[in-house]
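The residues making up each chain are set out below.
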Amino acid sequence: MNRYSRHIILEDIGTEGQNKISKGKVLVIGAGGLGCPVLQYLVAAGVGTIGIIDYDNVEESNLQRQVLFGTSTLGKNKALAAKERLKDLNPTIKINAFPERLSITNAKEYFCEYDIIVDGTDNFETRYLINDAAVLLNKPVVYGAIYKFEGQVAVFNYKEGPTYRCLFPKPPKESSIPNCSEVGVLGILPGIIGTMQANEVLKIILDFNEVLSGKLFCFNAKTSQTSTFSISKSNYKVKELKPIESKSCNTEIKEIDIKEALQKKDSQFLDVRELNEIPKAELPNYIQIPLRQLSQSTHKLDKSKAIIVLCQTGIRSKTAIQQLQKQNFNNCFNLKGGIIATQNYLKEKI
Amino acid sequence: MQIKIKYFGLLTEITNCQEEYVNDSLRTVKELLNLLYIKYPELKGKDFQVAQNNSIVALETKINNTEIALLPPFSGG
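Every value quoted in this text rests on a predicted model; they were computed, and no experiment measured them.

Parameters at a glance
- Residues numbered from 1 in each chain as written.
- Chains lettered and ligands numbered in written order.
- Predicted model: local features only at pLDDT ≥ 70, side-chain atom pairs only at ≥ 80, totals over all residues.
- Heavy atoms only, no water.
- Contact = heavy atoms within 4.5 Å.
- Buried area = accessible area lost by both parts, 1.4 Å probe.
- Salt bridge = Lys/Arg side-chain N within 4 Å of Asp/Glu carboxyl O.
- Polar contact = N/O pair within 3.5 Å; in protein donor to acceptor, adjacent residues only side chain to side chain.
- Helix = DSSP H or I, 4+ residues; strand = E, 2+ residues; numbered from the N terminus.
- Nonpolar A, V, L, I, M, F, W, Y, C, P; charged D, E, K, R; others polar.
- Buried < 20%, exposed > 50% of the residue type's maximum accessible area, 1.4 Å probe, protein only.
- Pairing = 2+ DSSP bridges.
- Core = buried A, V, L, I, M, F, W, Y, C linked by side-chain atoms within 4.5 Å.
- Domains from an automatic or database assignment.
- Phe/Tyr/Trp six-rings, centres within 6.5 Å; stacked < 30°, edge-to-face > 60°.
- Lys NZ or Arg CZ within 6 Å of the ring centre and 35° of its normal.
- pLDDT = per-residue confidence, 0-100.

Quick notes on the interface of chain B and chain A
Item 1. Each side of the interface is counted separately: chain B has 23 residues, and chain A has 39 residues.
Item 2. Of the roughly 2500 Å² buried between chain B and chain A, counting both surfaces, carbon and sulfur atoms make up 53%.
Item 3. The three residues of chain B that bury the most area against chain A are Phe74(B), Ser75(B) and Gly77(B), which together make up 29% of that side's buried surface.
Item 4. Taken together, the connections running from chain B to chain A amount to 1 salt bridge.
Item 5. Between Glu13(B) and Lys148(A) there is a salt bridge, with the nearest N and O atoms lying 3.0 Å from each other.
Item 6. Applying the counting rule to chain B against chain A returns 14 residue pairs in polar contact (both at pLDDT 80 or more).
Item 7. For the side of chain B that touches chain A, the secondary-structure elements that each account for two or more residues are β3 (49-52), β4 (55-57) and β5 (67-71) of chain B.
Item 8. Classifying every residue of the side of chain B that touches chain A by side-chain character gives 9 nonpolar, 9 polar and 5 charged.

Focus: the pairing of strand β7 (residues 215-220) of chain A
A regular strand places its side chains on the two faces of the sheet in alternate fashion.
All names here are of chain A.
Item 1. Of all 6 residues in β7, 5 are buried, a share of seventy percent or more.
Item 2. Looking at chain direction, strand β6 (residues 150-156) and β7 are connected through 4 bridges and run antiparallel. From the neighbouring strand, Gln-152 faces β7, where its bridge partner is Cys-218.
Item 3. Counted along the chain from β7 to the antiparallel partner strand β8 (residues 225-230), the turn is 4 residues long, and its residue Ser-224 has a positive phi close to 60 degrees.

Some thoughts on unusual backbone geometry
Item 1. The linkage connecting Ile278(A) with the following residue, Pro279(A), adopts the cis geometry, with an omega of 0 degrees.
Item 2. Residue position: Pro279(A) is located in the loop between β10 (267-271) and β11 (286-288).
Item 3. With a phi angle near 45 degrees, Lys159(A) is a residue other than glycine that sits in the positive phi range.
Item 4. Here Lys159(A) is to be found in the loop between β6 and α7 (164-167).
Item 5. Exposure remark for Lys159(A): the relative accessible area of 60% places this residue in the exposed category.
Item 6. Despite not being glycine, Asn53(B) has its phi angle at roughly 50 degrees, a positive value.
Item 7. Taking relative accessible area as the criterion, Asn53(B) reaches 46% and is therefore assigned partly exposed.

As for the nonpolar core
Soluble, globular proteins show a tendency: their nonpolar side chains are buried together.
Item 1. Leu102(A), Phe111(A), Leu36(B), Leu43(B) and Leu70(B) are the most contacted members of the largest nonpolar core, which has 60 residues in total.
Item 2. Here this core gets 6 residues from one element, more than from any other, and that element is helix α6 (residues 124-137) of chain A.
Item 3. Among residues more than four places away in sequence, those in contact with Leu70(B) are Ile5(B), Lys6(B), Tyr7(B), Phe8(B), Leu11(B), Leu33(B), Leu36(B), Leu43(B), Phe48(B), Gln49(B) and Val50(B).

Section: the domain arrangement of chain A
Residue and element names in this part refer to chain A.
Item 1. Structurally, chain A comprises domain 1 (5-230) and domain 2 (254-349).
Item 2. Averaged C-alpha coordinates put domain 1 and domain 2 at centres separated by 33 Å.
Item 3. Of the roughly 450 Å² buried at the junction of domain 1 and domain 2 (both faces included), carbon and sulfur atoms supply 35%.
Item 4. The interface formed by domain 1 and domain 2 includes 2 salt bridges.
Item 5. Counting across the domain 1 and domain 2 interface gives 2 residue pairs in polar contact (both at pLDDT 80 or more).
Item 6. Residues that form the side of domain 1 that touches domain 2 fall into these classes: 1 nonpolar, 1 polar and 3 charged.

Focus on the packing of aromatic side chains
Item 1. Considering all chains together, one arrives at 9 aromatic pairs over all chains under this definition.
Item 2. Considering the side-chain rings of Tyr128(A) and Tyr164(A), the 4.9 Å spacing of their centres and the 50 degrees angle between planes classify their relative orientation as tilted. Of this pair, Tyr128(A) sits in helix α6 while Tyr164(A) sits in helix α7; the two residues are 36 residues apart in sequence, bridging distant segments of the chain.
Item 3. Residue classification places Tyr164(A) among the buried residues on the basis of a relative accessible area of 2%.
Item 4. Arranged with centres 5.7 Å apart and planes meeting at 85 degrees, the rings of Phe229(A) and Phe8(B) form a pair that is edge-to-face. With Phe229(A) in strand β8 and Phe8(B) in the loop between β1 (2-7) and α1 (11-15), the pair connects residues from two separate chains. When sorted by exposure, Phe229(A) lands in the same class as Phe8(B), which is buried.
Item 5. We note Arg101(A) situated over the ring of Tyr55(A); from NZ or CZ to the ring centre the distance is 4.1 Å.
Item 6. Just above the ring of Phe329(A) sits the side chain of Lys303(A); from NZ or CZ to the centre is 5.0 Å.

A few points about the pairing of β5(B)
All names here are of chain B.
Item 1. For β5, a buried count of 4 out of 5 residues is recorded, marking the element as mostly surrounded by other parts of the structure.
Item 2. Summarising the sheet, β3 and β5 pair through 4 bridges and their orientation is antiparallel. Each bridged residue has a counterpart across the sheet, and for Gln-52 the counterpart in β5 is Ile-68.

With respect to helix α3 (residues 35-45) of chain A
Item 1. A large share of α3(A) lies buried, amounting to 8 of its 11 residues.
Item 2. After α3(A) finishes, the residue Gly46(A) shows a positive phi value of roughly 95 degrees.

With respect to the confidence of the model for chain B
Detailed reading of the predicted coordinates is not advisable wherever pLDDT is low.
Item 1. Put simply, chain B has an average pLDDT of 94, and 100% of its residues get 70 or more.
Item 2. Reported for the predicted complex are a pTM of 0.77 and an ipTM of 0.96.

What follows is the structure in structure tokens.
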């Protein structure tokens, strides 16, 4: 096919190699900074079946690095928006978009349909889940992770090679490692790291010898320095998928201020204070469910709407969002400063 | 004995440098870390792996006049 002629004329790929690529089945978890370049290049290369899992929606602050999205896709689910863009890039392959959160209940089901798993997530909870599910189902994981100006790439669980837990046996301590939304990231960095991940995926599909297995590749965008470290296999055994405690600051909680909140379409305000707390809130599409009753009362909420959670000052509402996220409410926002900030804003307006 | 130490990720924010040299007669990786914990108390609360000569090693590994790297996990994507 003319589309892949530049691959086919390469001696190390040829028609045979391109056929292998077109039979490849790759699941990309996270269509963010890393996922976008991974998807873009794998789709362009003609990988036959591509799965995309991401529950998150496109935000303006993503556009600096998440190159599959644009102004027209703001607010849309990332997996679905990525699929739309990628269909144009290559309509000859199969793309499955899953606008969902990967969990211990669905991970194995997704993984068994694919040959290679790409980790482009932004939290440790999902990274350990990906590792453990991949180990149980014997699938290689192409790992990438970034911090400010630095990135890591590795291939785990490849032909019985070391896994993520051989490198980092346990999730880090509480809030010891902040994520991109808290500390920032150079937009180009996930582009570099993500394309390296895509490269490793193709090397696995093509059965090249020098796959980045048993090695951790590190890149510093500020100094252009690279280092590679070798990892030995540990005797850690994964027996089953267990929930990993959200100890680190891993489940991202999105903050919203009252002005933005009032302008947000298709949203509802959820007040998690006790019924007798004052001041009373006067907000549109308002519902009050005290925090201690929340996990049993989520049927009162509409999953299709953005839920803006508030309490007195914005602390209990964070706990509420964590509970909601566990029940797959993935479009929650924490109202900055709680009802107190709202009162000040409304007063100023009058 | 002179040991070169390289820091990665957020560890460089604690040490304020990407690499430095330590002169001491240290026997194991653990002894080196204890020395660094005195110099940088904040390091103690951080998660990282240690590599010697570009291989991840255990704390009881003997130091052999070489290069050490401290590698924290990254979560960003």
